[in-house]
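Below are the chains, spelled out letter by letter.
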Amino acid sequence: MADFGPMVLRVCRAVVGPDEAEDAWSETFLAALKAYPELDEGANVEAWLVTIAHRKAIDATRAAARRPLAVGSLPERPARTGRPEDWDGDLWAALAALPPKQRAAVAYHHLAGLPYAQIAAITGGSTDAARRAAADGIRTLRVTYLARTREREGR
Amino acid sequence: MMATMEPEARRLFEPLTAQDEQASARLHARLAAAAAADGILDVAYRTVDTPLGTLLLAATEQGVVRVAYASQGHDAALAQLAELVSPRILNAPGRLDGVTRQLDEYFAHRRRVFDVPLDLRLSKGFRRSVLAHLLEIPYGVTESYAQVATAAGRPRAVRAVGTACATNPVPIVVPCHRVVRSDGSFGGYAGGPDAKQSLLLLEAA
């Protein structure tokens, strides 16, 4: 299970943002550890962990909505390490601006590597809807994030 | 999984894909503490470097349940613990502090007796009785397999004593290395014959 720690951290950072990601990760793995003995042998552990992370992300989003928003200063240039202290503020801002279903579909497919049928089972809706949500999300990110990054890097 | 990512998505998520060792270590420690507090850290383990190579140490809430030499395969030992004890296993060094310190002292000639709680659940029946007797063989002393068979209540079960020693889940702490052949040769050992010789030489010094 620990093998999937980095993957789940990437997913949490993409879905709930750098500030909440570590809480979401911890809650996901604690819940997973509690439920692990009941997990079917041969079950897809990655999909199962993402399912738990998805529920924790919904909880975190609800809790955040009840709190005043903390706005930190964004870094001048994107960092490449993925650490919250120098996490790329632009990427998170672009992800945060996506509708939740698109953000989830993008993260679960491109960061967790789950097939769309599995993503549909986690987020609800059809496989096609999950595929469309991921494609729409990527299309938006191409405009809101990649174009800006290219511009800044003079490409 | 990352290899299948389309080039554009890869570039998009580049800031997220770097391995973040610091965060991983921090989160792992936090998870181990939370799991222990919730009483669901069934098996804690760590590795420790010794003169006999890297040892895997594992403990349940009851006590030390496994000591494994590198030659026995640490992954195999963890898989066995997951199957026979519980899949709730975490690298959580805290629970192993006591036995780690005592092993350091033992290898430095500053300790002759291990004083840590043991969980011998991986050994059953007659093998368990053999381990119970092994704990009574003093530091620096050896017994033959036949002597141990007699002491464990089955004088004719000499081969079974050999098996009990070979499958000792807690070598060094439960001193199966102190059982040698009647002709004085060392006999087999879970950590290999060289490890057995080293331990007997250490205790003879």
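Please read all numbers here as calculations on a predicted model, not as lab measurements.

Here's the deal with the overall build of chain A
Phase 1: Along its length, chain A carries 7 helices and 0 strands.
Phase 2: Going residue by residue from the N terminus, the α and β elements of chain A occur as α-α-α-α-α-α-α.
Phase 3: Intrachain contacts of chain A at a sequence separation of at least 6 include 66% that bridge at least 24 residues.

What about the environment of I52 of chain A?
Residues and elements named next belong to chain A.
Phase 1: For I52, the position within the fold is in helix α3 (residues 45-65).
Phase 2: For I52, a count of 19 C-beta atoms within 10 Å puts it in the partly exposed group.
Phase 3: Measuring from C-alpha to C-alpha, the distance between I52 and A31 comes to 7.6 Å, with 21 residues separating the pair along the chain.
Phase 4: Filtering out sequence-adjacent residues up to four positions away, I52 remains in contact with T28, A31 and A32.

Points about the domain arrangement of chain B
All names here are of chain B.
Phase 1: In terms of domains, chain B is made up of domain 1 (24-107) and domain 2 (125-204).
Phase 2: Taking only C-alpha atoms, the centre of domain 1 and the centre of domain 2 are 24 Å apart.
Phase 3: Listed as interface residues are 11 residues of domain 1 and, on the opposing side, 10 residues of domain 2.
Phase 4: Elements that contribute at least two residues to the side of domain 1 that touches domain 2 include exactly β3 (64-69) and α5 (97-107).
Phase 5: Counting residues per element, the side of domain 1 that touches domain 2 draws most heavily on β3, at 5 residues.
Phase 6: Of the residues assigned to the side of domain 1 that touches domain 2, the class counts are 8 nonpolar, 2 polar and 1 charged.

Examining the sheet that holds strand β2 (residues 53-59) of chain B
All names here are of chain B.
Phase 1: Strand order across the open sheet formed by 4 strands is β3-β2-β1-β4, with mixed pairing between neighbours. Edge positions in the open sheet fall to β3 and β4 (89-91), since each of these has one partner strand only. Looking at each pair of strands side by side, their axes are set apart by 25° on average, direction ignored.
Phase 2: Bridge analysis of strand β1 (residues 43-50) against β4 gives 3 bridges, and the strand direction is parallel. Paired with V43 across the strands is I89, a residue of β4.
Phase 3: Sheet strands touched by helix α4 (residues 74-84): β1, β2, β3 and β4. Its angle to β3, the strand with the most contacts, is close to 155°.

Procedures and definitions
- Residues numbered from 1 in each chain as written.
- Chains lettered and ligands numbered in written order.
- Predicted model: local features only at pLDDT ≥ 70, side-chain atom pairs only at ≥ 80, totals over all residues.
- Helix = DSSP H or I, 4+ residues; strand = E, 2+ residues; numbered from the N terminus.
- Contact = placed C-beta atoms within 7 Å.
- Buried ≥ 20, exposed ≤ 12 C-beta atoms within 10 Å, placed from the backbone.
- Domains from an automatic or database assignment.
- Nonpolar A, V, L, I, M, F, W, Y, C, P; charged D, E, K, R; others polar.
- Pairing = 2+ DSSP bridges.
- Axes fitted to C-alpha atoms, helices over the stretch in contact; angles between N-to-C directions.

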